[in-house]
Amino acid sequence: MAGYVNKVILIGRLGRDPETRTLQNGSKTTSFSIATSETWNDKASGERKEKTQWHRIVIWNDRIGEIADKYLKKGSMVYIEGQLESRKFTDKDGAEREITEVVIQRFKGELTLMDSRQSGGEGMGDQGGGYAPRERAAAPARAPAARSGAPSWDAPRGGDMDDDIPF
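Residues numbered from 1 in each chain as written. Predicted model: local features only at pLDDT ≥ 70, side-chain atom pairs only at ≥ 80, totals over all residues. Heavy atoms only, no water.

1. So, helix H1 (residues 62-71)
Next, step 1: Turning to H1, its buried residues are Ile64, Gly65, Ile67, Ala68 and Tyr71. Within H1, the buried residues cover an arc of 160 degrees as seen down the axis, which keeps them to one side.
Next, step 2: Those residues of H1 that are buried are in contact with strand E3 (28-41), strand E4 (48-59), strand E6 (96-104) and strand E7 (110-113).
Next, step 3: If you check the start of H1, you find a side-chain oxygen 3.0 Å away from the backbone N of Arg63, and it comes from Asn61. (Buried < 20%, exposed > 50% of the residue type's maximum accessible area, 1.4 Å probe, protein only. Helix = DSSP H or I, 4+ residues; strand = E, 2+ residues; numbered from the N terminus. Arc of directions from axis to C-beta. Contact = heavy atoms within 4.5 Å. Polar contact = N/O pair within 3.5 Å; in protein donor to acceptor, adjacent residues only side chain to side chain.)

2. Quick word on the pairing of strand E5 (residues 77-90)
Next, step 1: Summarising the sheet, strand E1 (residues 8-14) and E5 pair through six bridges and their orientation is antiparallel. Bridge assignment links Ile9 to a residue of E5, and that residue is Glu81.
Next, step 2: The sheet contact formed by E5 and E7 spans four bridges and is antiparallel. Considered in E7, the bridge of Val78 is made with Leu113.
Next, step 3: Relative to E6, E5 runs antiparallel, the two sharing eight bridges. (Pairing = 2+ DSSP bridges.)

3. Digging into the side chain of Glu101
Next, step 1: Mapped onto the fold, Glu101 is located in strand E6.
Next, step 2: Of note is the side chain of Glu101, whose polar atom sits 2.9 Å from the side chain of Arg56.
Next, step 3: Engagement of the side chain of Glu101 in a polar contact is seen with the side chain of Arg87, the distance being 3.0 Å.
Next, step 4: In contact with Glu101, other than residues within four places in its own chain, are Arg56, Val58, Gln83, Leu84, Glu85 and Arg87.

4. Thoughts on the confidence of the model for the protein chain
In low-pLDDT segments, the atomic positions of the prediction should not be examined closely.
Next, step 1: Confidence along the protein chain averages 78 in pLDDT terms, with 68% of residues attaining 70 or more.
Next, step 2: Looking at the elements of the protein chain, mean pLDDT is at its lowest for H1, recorded as 93, and at its highest for E1, recorded as 97.
Next, step 3: Contacts for the low-pLDDT stretch residues 118-156, under 50 throughout, to residues beyond four places or in other chains number 25 contacts. (pLDDT = per-residue confidence, 0-100.)

5. A few points about the pattern of salt bridges
Next, step 1: All chains considered together, the criterion is met by seven salt bridges.
Next, step 2: One salt bridge in this structure joins Arg16 and Glu19, with 3.7 Å as the shortest N-O distance.
Next, step 3: According to the relative accessible area criterion, Arg16 is partly exposed, its value standing at 36%.
Next, step 4: For Arg63, the salt bridge identified is with Glu66, shortest N-O distance 3.2 Å. Of this pair, Arg63 and Glu66 are both found in helix H1, three residues apart, which corresponds to roughly one turn of the helix.
Next, step 5: Overall, the relative accessible area of 44% leaves Arg63 in the partly exposed class.
Next, step 6: When salt bridges that share partners are traced, they join Arg56, Arg87 and Glu101 into one network. (Salt bridge = Lys/Arg side-chain N within 4 Å of Asp/Glu carboxyl O.)

6. What to know about the nonpolar core
Next, step 1: Grouped together as the largest cluster of nonpolar side chains are 18 residues, with contacts concentrated most on Phe32, Ile34, Ile57, Ile59, Leu72, Ile80 and Leu111.
Next, step 2: Of all the elements in the fold, those that place two or more residues in this core are E1, E3, E4, H1, E5, E6 and E7.
Next, step 3: Here the element with the most residues in this core is H1; it accounts for four residues.
Next, step 4: Non-local contacts of Leu111, meaning those with residues more than four positions away in its chain, are made with Phe32, Ile59, Ile64, Ala68, Leu72, Val78, Tyr79, Ile80 and Ile104. (Core = buried A, V, L, I, M, F, W, Y, C linked by side-chain atoms within 4.5 Å.)

7. Description of the pairing of E1
Next, step 1: As paired strands, E1 and E3 are joined by two bridges and run antiparallel to one another. Note on E3: the bridge partner recorded for Leu14 is Ile34.

8. Thoughts on the environment of Glu38
Next, step 1: Position of Glu38 relative to the elements: it lies in strand E3.
Next, step 2: Under the relative-accessibility criterion, Glu38 is labelled partly exposed at 49%.
Next, step 3: Between the alpha carbons of Glu38 and Lys49 there is a distance of 8.3 Å; along the sequence they are 11 residues apart.
Next, step 4: Contact partners of Glu38, with chain neighbours within four places excluded, come to Lys49, Glu50 and Lys51.

Take a look at the structure:
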């Protein structure tokens, strides 16, 4: 039956530098872990609480893997789109284990670097995938807009808008 969806979207920070391995067939895989956090105020104590989750990311797309290996480092903030996959393996001690990972496949998924160049993404050059917010210059003082009949997106439409907010 079609219509099932397996899609994961995460924004988090890397816990360590990415690790790239070359497999026997010549393909490459890049992996790393990212942390996501949730904060809230405890109702009983009023204390601020935080819960951090760690997510293992595996990239099977060679080009995305190259970019991750070249530009990501511990602490980098990334946006990830992938899918959940579970697999079984045998660890060093011979114990059977199961792990769930967020996987970026060869033709599915996305990796976006979210650090600005000033905060850790230095050296990203003009490669795609980087996010560097534009610095906003202070708006020059404006004369009152002439009434041309067309609405001005910069000027308020009159009245106090606080009364119109339902909450």
